[in-house]
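What follows is the residue order along each chain.
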Amino acid sequence: MIASVRGEVLEIALDHVVIEAAGVGYRLNATPATIATLQRGADARLVTAMIVREDSMTLYGFHDTESRDLFGLLQTVSGVGPRLAMATLAVLEPEALRKALAEGNVTALTRVPGIGKRGAERMVVELRDKVEAVPVAPGSPTGAPAAGPIRDQIVEALVGLGFPLKQAEPATDSVLAADPDADTSRALRAALALLGKTR
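An account of the accompanying structure is given in this report.

Considering the overall build of the chain
Then, in step 1: A tally of helices and strands in the chain yields nine helices and five strands.
Then, in step 2: Helices (α) and strands (β) of the chain occur, in sequence order from the N terminus, as β-β-β-α-β-β-α-α-α-α-α-α-α-α.
Then, in step 3: The C-alpha atoms of the chain give a radius of gyration of 16 Å, which matches the 16 Å a tight globule of 199 residues would have.
Then, in step 4: In terms of overall dimensions, the chain has C-alpha extents of about 45 × 40 × 35 Å along its principal axes.
Then, in step 5: The buried share of the chain, taken over its 199 residues, is 46%.

Structural data, given as structure tokens:
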């Protein structure tokens with residue numbers, strides 16, 4: 001089990017980063033909020049969760065242990081895998097997710113692409129009490145925009161989350177037209193919310 005990775009940030013995309021540690025480049029899938037705290041060429045440390053499948057080994061990177069623990073907790077719900085757990089944390093940051101679960105806010109949870117009303121209700125029932133056991137991180141990541149052209153990064157992230165290009169591009173254009181000053185993280189959340197409604 002790889003619990004954390006520390007080293008130089010070699011690559012930054014909207015849905016993953018590559019960090020070199022002891023001569024090995026590790027690809028870590030991450031949320032826009034986590035990626036926004038990193039800088040190419042700088043040293044960084046991300047806590048990680050490693051998911052081993054028959055045909056793959058995937059690392060997921062998080063700014064703090066709270067996000068990683070919530071990622072693991074989300075997957076205890078039937079029908080929620082790593083991709084859906086990451087999409088949930090991309091749309092709802094830890095504090096918003098805790099609030100939605102505690103208050104039984106199904107509407108907030110259905111903003112996540114791939115989570116319908118029934119799935120959101122199941123999450124509330126199964127996680128409402130468990131989420132209180134996850135320790136809150138002392139500091140939350142800043143919402144600084146990631147480097148590079150925002151539109152391309154958002155489209156790439158949406159495709160990485162499983163949306164076809166023909167849906168990802170118009171959703172991104174629509175969001176950026178409505179809110180031209182949006183940073184990458186906010187624009188991606190808005191695009192995910194928009195696509196969640198049309199699914």
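Having put the structure on the table, let's press on.
Concerning the sheet that holds strand β4 (residues 43-52)
Hydrogen bonding along the main chain pairs the strands of a sheet, whether they run parallel or antiparallel.
Then, in step 1: Pairing is mixed around the closed barrel formed by five strands, whose spatial order is β1-β2-β3-β5-β4. The average undirected angle you get between the axes of adjacent strands in this sheet is 55°.

Some points on unusual backbone geometry
Then, in step 1: In this structure, A22 takes a positive phi of about 55° despite not being glycine.
Then, in step 2: With respect to the element layout, A22 can be found in the loop between β2 (16-21) and β3 (24-29).
Then, in step 3: Take A22: its relative accessible area is 86%, and that puts it in the exposed class.

Structural notes on the side chain of R98
Then, in step 1: Note on placement: R98 falls in helix α4 (residues 94-103).
Then, in step 2: A relative accessible area of 14% means that R98 is categorised as buried.
Then, in step 3: Setting aside anything within four residues of it in sequence, one finds R98 in contact with E66, V131, E132, V134, P135 and V136.

What counts as what
Residues numbered from 1 in each chain as written. Predicted model: local features only at pLDDT ≥ 70, side-chain atom pairs only at ≥ 80, totals over all residues. Heavy atoms only, no water. Helix = DSSP H or I, 4+ residues; strand = E, 2+ residues; numbered from the N terminus. Rg over C-alpha atoms; globule rule 2.2 N^0.38 Å. Buried < 20%, exposed > 50% of the residue type's maximum accessible area, 1.4 Å probe, protein only. Pairing = 2+ DSSP bridges. Axes fitted to C-alpha atoms, helices over the stretch in contact; angles between N-to-C directions. Contact = heavy atoms within 4.5 Å.

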